[in-house]
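Observations on the model geometry
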Amino acid sequence: MHDGFEMVARIPYPVTVPKFYAVASEVATMRFLRASGLPVPEVYGYSPSSDNAAKTEYIFMQFMRGTKLSDVWMELEEREIASVLQQLVHLESRIMSLPFPAGGSLYYANDLENVAGGTVGVPLQDGRFCIGPDARLCMWYGRRSQLDVNRGPYRSTEATLVAVARKELAYLERFVRPLLPFQRERREAYGYKEQSPSDHRQNLERYLRIASLLVPKNPDFHRFCIRHPDLQPSNIIVSTSPDSNELKIVGLLDWQHASILPQFLLAGVPGRLQNYDDPVSQKLIPPSLPEDASKMDESQLGEAMGLYHRRLVHFHYVTNTQRFNKPHHAALWDPVSILARRLFDLAGAPWEGETHDLKAALIEATERWGRLMGERVSCPVEFEPEDVRETKELSERLQLADENYEGCRGLIGFESETWVSNEHYEMAAALAELLKLKLLMNLPKGEIRDKVEANWFLNNMDEQDYM
């Protein structure tokens, strides 16, 4: 604009679901957090409905001046990384300490009244806000948006734990037929055979039998709280302080699909900040570069620097959480909470032709039950020894498939869901095609080669049956 004023106009992607609740909840969440003194964009105006002149849902919000942390992340020294992560943990501590009377997602009460009619939701002390349906994507993904199921508000921890599985059971009952695994790199481990939804239904029912016992004994872990739904460097805005010349976090962006859940279910190192697969990070050993770093060639040094950076980020996030967000750290490392989070996430994840991960977690729960719950609490789920043996054999095959996938990912240079930047796309596509050709050339002509080609993990595919 002519006076220098800038703002952001945000509209949902065509595939965003549920559009009304996603927009209404994001607005209420940002305004609630901003009113609590947190650095989130100011909302100037919004419409959670497409019934307007623009014919689309929208949010008009403040343009946050500064730099995306992702633009400078790999260039920062350890001191700067530690400082930024300390600030981030302080902000998380403030956000997660905000109390809520129930679980779900945050809304303006009048928005929910307009869409549902009458009084809905659980009111907050500030009567403008209330807790309504859980806006997390997994609760609405694809045809799940057509289901009449409980999505909150959740009045108890137990209600939160069971809602995700009952949603998925309703989906399996209404829509699903046998499918090949969505993750095509895993199909070979299943013999390229379609998987029955009845197996997943059985494991969801097992989860429901165990769910009420997964509530940690520490009542502090049951407290409903909110957390950023996608905390990664591209959603963090930083600016250099004129006083100290230090990087300061000035904005947290993208609150779409934010949810309010019991603290132990929200705990965890954010996905883009964690490095759990690395033994050094698992043991929280202070990171350092290899002693022979000065003798490495450019490629080796780049790989070593990347690992060093991942270790630094994980180390400083966890150690700062231990110092400055003790309730989160306690829930993060509580053994029962770890198990409950894993089962909750797997039971609520959209079924995509596989039930193995949920089943393997349930088997692990039965094997560790006495140590976690005490001998006086009997486990309501049992598995036959042959079933356990076959599941663990499949785990080994799937682990190999996952490792091969990660190797391809490193060679081609794509990120999650095979995403690459525009600048890297042509190179990545050429590398992917070359890798495919080399693999097929090493296989004899026949059924196996045909199946590998037909199920190549980077082929275009119709995803409709998985939605």
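These remarks concern the structure in this document. Since we're looking at a predicted model, the values are computed, not measured.

Time to look at the nonpolar core. If you look at the biggest cluster of nonpolar residues, it comprises 60 residues, and the most contacted ones within it are Tyr207, Ile210, Leu214 and Leu343. Listing elements by their share of this core, those giving two or more residues are α1 (19-35), α4 (109-116), α5 (157-175), α6 (197-211), α7 (263-266), α11 (335-348) and α12 (356-373). Residue contributions to this core peak at nine residues, all from α5. Grouped together as the second largest cluster of nonpolar side chains are 49 residues, Leu33, Val40, Val238 and Val318 included.

This brings us to the sheet that holds strand β5 (residues 105-108). If you walk across this open sheet you meet the three strands as β5-β7-β6, and the pairing is antiparallel. Edge positions in the sheet fall to β5 and β6 (122-123), since each has one partner strand and no second. Across four bridges, β5 lies against strand β7 (residues 129-132) in antiparallel orientation. Considered in β7, the bridge of Leu106 is made with Ile131. Those strands touched by α1 are β5 and β7, and its axis lies near 85° from that of β5.

This part takes up the side chain of Asp334. Considering the arrangement of structural elements, one finds Asp334 in the loop between α10 (326-333) and α11. Of the side chains with opposite charge, Arg341 lies nearest to the buried Asp334, which makes no salt bridge, at 6.9 Å. Here Ser337 takes part through its side chain, which lies 2.7 Å from a polar atom of the side chain of Asp334. For Asp334, the contacting residues outside a window of four places in its chain are Pro216 and Phe221.

Between α1 and α4, whose axes approach to 10 Å, the crossing angle comes to 165°. Between α1 and α4, the crossing angle belongs to the class labelled roughly antiparallel. Here α1 runs over α4; the crossing is right-handed. On α4, the residues touching Phe20, Tyr21 and Ala24 of α1 are Asp111, Leu112 and Val115. Residue classes in the contact of α1 with α4 are distributed as five nonpolar, no polar and one charged.

What follows is about the packing of aromatic side chains. This structure, assessed with the given rule, holds 14 aromatic pairs. Each member of the aromatic cluster is reached from another via a ring pair, and the members are Phe20, Tyr21, Tyr107 and Trp140. The lysine or arginine in question, Arg144, covers the ring of Tyr171, its NZ or CZ lying 3.6 Å from the ring centre. When the ring centre of Trp140 is taken as origin, the NZ or CZ atom of Arg151, which lies over that ring, is 3.8 Å away.

Below, the discussion takes up the sheet that holds strand β1 (residues 7-10). Reading across the sheet, the three strands line up as β1-β3-β2 and stay open at both edges, with antiparallel pairing between neighbours. Only two strands of the sheet have a single neighbouring strand rather than two, namely β1 and β2 (43-47). With strand direction ignored, the average angle separating the axes of adjacent strands in the sheet is 10°. By the bridge criterion, four bridges tie β2 to strand β3 (residues 58-62) in an arrangement that is antiparallel. Bridging from a neighbouring strand, Tyr46 pairs with Ile59 of β3. Contacts between α1 and the sheet are confined to β1, β2 and β3, with β2 contributing the most and set at about 160° to the helix.

This part is about the environment of Tyr207. Tracing the chain through its elements places Tyr207 in helix α6. Exposure remark for Tyr207: the relative accessible area of 0% places this residue in the buried category. Excluding residues that lie within four positions of it along the chain, Tyr207 makes contacts with Leu161, Val164, Ala165, Leu214, Leu343, Phe344, Ala347 and Leu362.

As a further point, take unusual backbone geometry. Going from Val17 to Pro18, the amide bond is cis rather than trans, its omega being -10°. Within the element layout of this structure, Pro18 appears in the loop between β1 and α1. Of note, the bond from Gly152 into Pro153 is cis; its omega dihedral lies within 30 degrees of zero at 10°. The residue Pro153 is located in the loop between β7 and α5 in this model. The phi dihedral of Tyr192 falls on the positive side, at around 55°, and the residue is not glycine. Take Tyr192: it is sitting in the loop between α5 and α6. Even without glycine at this site, Asn245 takes up a positive phi of about 60°. Structurally, the position occupied by Asn245 is in the loop between β9 (236-240) and β10 (247-252).

It is worth spelling out the side chain of Asn320 at this point. Here Asn320 shows up in helix α9 (residues 298-324). Of the residues examined, Asn320 reaches a relative accessible area of 4% and is grouped as buried. Ignoring any residue separated from it by four or fewer positions in sequence, one finds Asn320 in contact with Ala82, Leu85, Gln86, Val89 and Asn325.

With 28 residues, helix α13 (residues 385-412) should cover 40 Å at 1.5 Å per step; its first-to-last C-alpha distance of 41 Å lies within 8% of that length. Looking at α13, one finds that the buried residues are Val388, Thr391, Leu394, Leu398, Ala401, Tyr405, Cys408 and Ile412. In this structure, the buried residues of α13 make contact with α12 and α14 (422-441). Looking one or two residues beyond α13, the residue adopting positive phi is Gly413, at roughly 90°.

Right, let's talk about a nonpolar patch on the surface for a bit. Together, Phe5, Met7, Tyr44 and Phe60 line one region of the surface with nonpolar side chains, adding up to about 320 Å² of accessible area. With respect to the helices and strands, Phe60 occurs in strand β3.

Under the counting rule described, the total for this entry stands at 25 salt bridges. As a salt-bridge pair, Glu246 and Arg79 come within 3.0 Å of each other at their nearest N and O atoms. Residue Glu246 is located in the loop between β9 and β10, and its partner Arg79 is located in helix α3 (residues 78-96); the two are separated by 167 residues in the primary sequence. By relative accessible area, which is 29% here, Glu246 ends up partly exposed. By relative accessible area, which is 47% here, Arg79 ends up partly exposed.

Parameters and conventions
Residues numbered from 1 in each chain as written. Predicted model: local features only at pLDDT ≥ 70, side-chain atom pairs only at ≥ 80, totals over all residues. Heavy atoms only, no water. Core = buried A, V, L, I, M, F, W, Y, C linked by side-chain atoms within 4.5 Å. Buried < 20%, exposed > 50% of the residue type's maximum accessible area, 1.4 Å probe, protein only. Helix = DSSP H or I, 4+ residues; strand = E, 2+ residues; numbered from the N terminus. Pairing = 2+ DSSP bridges. Contact = heavy atoms within 4.5 Å. Axes fitted to C-alpha atoms, helices over the stretch in contact; angles between N-to-C directions. Lys, Arg positive; Asp, Glu negative; His and termini not counted. Salt bridge = Lys/Arg side-chain N within 4 Å of Asp/Glu carboxyl O. Polar contact = N/O pair within 3.5 Å; in protein donor to acceptor, adjacent residues only side chain to side chain. Parallel < 35°, antiparallel > 145°, perpendicular 65-115°, else oblique. Left-handed = near helix turned anticlockwise from the far one by under 90°. Nonpolar A, V, L, I, M, F, W, Y, C, P; charged D, E, K, R; others polar. Phe/Tyr/Trp six-rings, centres within 6.5 Å; stacked < 30°, edge-to-face > 60°. Lys NZ or Arg CZ within 6 Å of the ring centre and 35° of its normal. Expected span 1.5 Å × (residues − 1). Patch = residues over 30% accessible without salt bridge, like charges linked within 9 Å, V, L, I, M, F, W, Y side chains within 5 Å. Areas by Shrake-Rupley, 256 points an atom, 1.4 Å probe, with all protein chains shown as cover.

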